[in-house]
Amino acid sequence: MVEGEELQVLKGPPESQLEISVARRDGDRSHNSSRRSLRNNGGKGCVPILRRWLPILRWTLHYSRIDLLADMIAGVTLGLTMIPQSIAYATIAGLPSQYGLYAALVGSVVYAFLGTVKEVSIGPTSLMALLTYQYAANHPPQYVVVLAFTAGIVELLMGGARLGFLICLISEPVTSAFTSATALIIIGTQLRNLLGLPKPVTATADGGLFSTVLDVSRRYTEATVPDSSVGFACILLLVILQQLPKLVPASSQRWRRFACLLWYVALARNAIVVLGSAFLSYWIDSGSNTGSAVPWKLSGKVEPGIPSFQLPTQDIVVGNVTISFFDIVADLGSGPVLVPLVAILANVAIGKAFSSGQPVDATQEMIALGLCNVIGSCFRSMPTTGAFTRSAVSHASGVRTPLSGFYSALLCLLALGILTPYFFYIPRATLAAVLIAAVTPMLDPSIVAKLWRAGFHYDLLVWCCCIALCLAAGIEIGLLGGMVVSMVQPLASFVWLRVECETIHERDQHFTYRLIRLQQGLLYPGVDRLRTLVLQEMHMHGATLPIVLDCCRMVLMDFTACRALDNLSKEVHRLGGNLLLRNVLPCWHERLALHETEHGLAFGTQAS
């Protein structure tokens, strides 16, 4: 799927897992009883309708104190992961840090009312940040707000039209290549911040992964030692903290409390690294009499507080030029279409990963995601979707309901109200390290060997084409190109005629014939091949041997194929042969003008 870490690292010790499993059983009972009451009350009043569109009403009547405690623990744990990630993802999009916190705050609250999968965490992600940067780079922040608004509108329209089936058109190799390419691009874009390099002067140097890596390789001598040291030290520390739970065996009962402590430290590693480096910068700056003595580059000023409600459809003024809402939408190009498509793909896929085999209401998820973006845009939010990393944290923390998002939102609110003055001291290299460590697990090179060994060579070709297009032409073109290439194989299986030929002897009826079994369907591209095959069979085995077309596996046929079969039967009859059909669907009898014979169905032009 789209963003991730291995779930094995996030699994808790035995004690917490026992509590989580008990909580899940209780939650399942409450959810099942809620479903039964919903079925029993169906059709009476407006309550079932409200429960259909407001999933929070399905479980609040059975919400217990145990649920409250479990959601509080999961929400606080998730918030410690969400805050540093949101700040870092805003930098990918080229925005001030507060925009990421706005998105995390609004997304968490709205999804608590409308979400159907308790583990899903809505907010800024690396994928959405990268897409946002590609469409709104070098533009005022209002462009990002309009992008979130239009993406939300498209998601609502897709949900209203029940277009969730479109997600099925994206195969797993395309998803893997897409996420791997996204991770590589994000790592490439963060190399400059990690090494302390200034932004390129020319626009061409910031045009993609290859140009970025080439520019960094040319200017590596300009890298600063303080920034590089902080960046690599943070990456090393993140890796070490992630591996802490492995120090104590999961089956150890003696050290289970210590194992639980290490587990929570590993979950909060992003917050620990970000707050620790910010405190170090603040200590160095406050202890200096000269001012601005911090040797590495800092994030800069972050605007405190929550923005007031404002519709994103208003005109903006840039310099002396007034830009209307529709002009902004036109400048965004394909962004309002591609961004929601990718967001829905990520959100539904994450929902399926954590639904324990239960079906995911894709329509409701589209509506929830659409309202998260529409309402968030009124509070200057960047585009949002579900994040696999944070969803895995919620799952491992024993989340009971989507209400855990409220507690994560409270932490974001606390960060916006109190901690924003200290966000100034977060090193840019630290944020780059957090991003690189977060997206590295998205790389999936092992799928190449799996596809090759399993014999899925065409899927391997799809993977290679998709990742090459993503890296060379952009991730939106790569995604669409990968979808097109992956759809060639299923289309070809229906379009290109496939048959099986054999000679059959029916001793009881003293009937010998040449059987041609049609596979899947007969469409107009395969008509000429069928005619050639039938005539070759007549030439090889003689016109006296009847030819029988077995249609037991044929499920699709178009008008051209019907006309071609009729013409082919006439041609075979003129050559002295006999063409019969067997196992034809009843709906095609009249279309083909067939009639019963002793050995099968014949066309009206053929003799019995």
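Residues numbered from 1 in each chain as written. Predicted model: local features only at pLDDT ≥ 70, side-chain atom pairs only at ≥ 80, totals over all residues. Heavy atoms only, no water.

Asks: Just to check I follow, could you spell out the state of the cysteines for this structure?
Replies: Formally, a disulfide is one covalent bond, and it connects the sulfur atom of one cysteine to the sulfur atom of another. Under the criterion given, the structure shown has zero disulfides. Counting only cysteine sulfurs, Cys 466 is the nearest neighbor of Cys 470, a cysteine outside any disulfide, at a range of 4.2 Å. Take Cys 470: its relative accessible area is 1%, and that puts it in the buried class. (Disulfide = S-S within 2.5 Å. Buried < 20%, exposed > 50% of the residue type's maximum accessible area, 1.4 Å probe, protein only.)

Asks: How should I be thinking about the environment of Leu 127 in this particular structure?
Replies: With respect to the helices and strands, Leu 127 occurs in helix H7 (residues 126-136). Spatially, the C-alpha atoms of Leu 127 and Thr 179 are 8.1 Å apart, while their sequence positions differ by 52 residues. (Helix = DSSP H or I, 4+ residues; strand = E, 2+ residues; numbered from the N terminus.)

Asks: Sorry if this is basic, but what is going on with the pairing of strand E6 (residues 511-522) here?
Replies: A regular strand carries its side chains on alternate faces of the sheet. Within E6, ten of the twelve residues are buried, which leaves it mostly tucked inside the rest of the structure. As defined by bridge partners, strand E5 (residues 499-506) adjoins E6 across eight bridges and the pair is classed as antiparallel. Following the sheet pairing, His 505 is matched in E6 by Thr 512. The hairpin turn running from E5 into E6, its antiparallel successor, is four residues long, and His 510 in that turn takes a positive phi close to 50°. Note that E6 and strand E7 (residues 547-557) share eight bridges and pair parallel. Note that in E7 the partner of Gln 520 across the bridge is Met 554. Crossover handedness for the path E6 to helix H24 (residues 527-541) to E7: right-handed. (Pairing = 2+ DSSP bridges. Right-handed = clockwise from strand over helix to strand, strands pointing away.)

Asks: What is the right way to read the sheet that holds strand E8 (residues 579-582) from this model?
Replies: The mixed open sheet is built from six strands, whose spatial order is E5-E6-E7-E8-E10-E9. The open sheet is flanked by E5 and strand E9 (594-596), the only strands paired with a single partner. Here the average twist between neighbouring strands, direction ignored, is 35°. On top of the sheet, helix H25 (residues 559-574) reaches E6, E7, E8 and strand E10 (601-603); it is set at about 175° to E7, its chief contact. (Axes fitted to C-alpha atoms, helices over the stretch in contact; angles between N-to-C directions. Contact = heavy atoms within 4.5 Å.)

Asks: Can you help me understand the pairing of E7 in this one?
Replies: In this structure, E7 lies alongside E8, joined through four bridges in parallel fashion. Its bridge partner being in E8, Ile 547 is matched across the sheet by Leu 579. Crossover handedness for the path E7 to H25 to E8: right-handed.

Asks: What's the story with the packing of aromatic side chains in this structure? I'm lost.
Replies: Both the distance between ring centres and the angle between the ring planes are used here to describe each pair of aromatic rings. Within this structure, the stated rule accounts for eleven aromatic pairs. Plain terms: the ring middles of Tyr 282 and Tyr 422 are 6.0 Å apart, the flat faces sit at 75° to each other, and that makes the pair edge-to-face. With Tyr 282 in helix H14 (residues 269-286) and Tyr 422 in helix H19 (residues 404-423), this residue pair connects regions lying 140 residues apart in the sequence. On the basis of relative accessible area, Tyr 282 is assigned to the partly exposed category, the value being 35%. A relative accessible area of 45% means that Tyr 422 is categorised as partly exposed. For the pair Phe 325 and Phe 326, a centre-to-centre distance of 5.4 Å together with 75° between the ring planes defines the contact as edge-to-face. Each member of the aromatic cluster is reached from another via a ring pair, and the members are Tyr 282, Tyr 422, Phe 424 and Tyr 425. (Phe/Tyr/Trp six-rings, centres within 6.5 Å; stacked < 30°, edge-to-face > 60°.)

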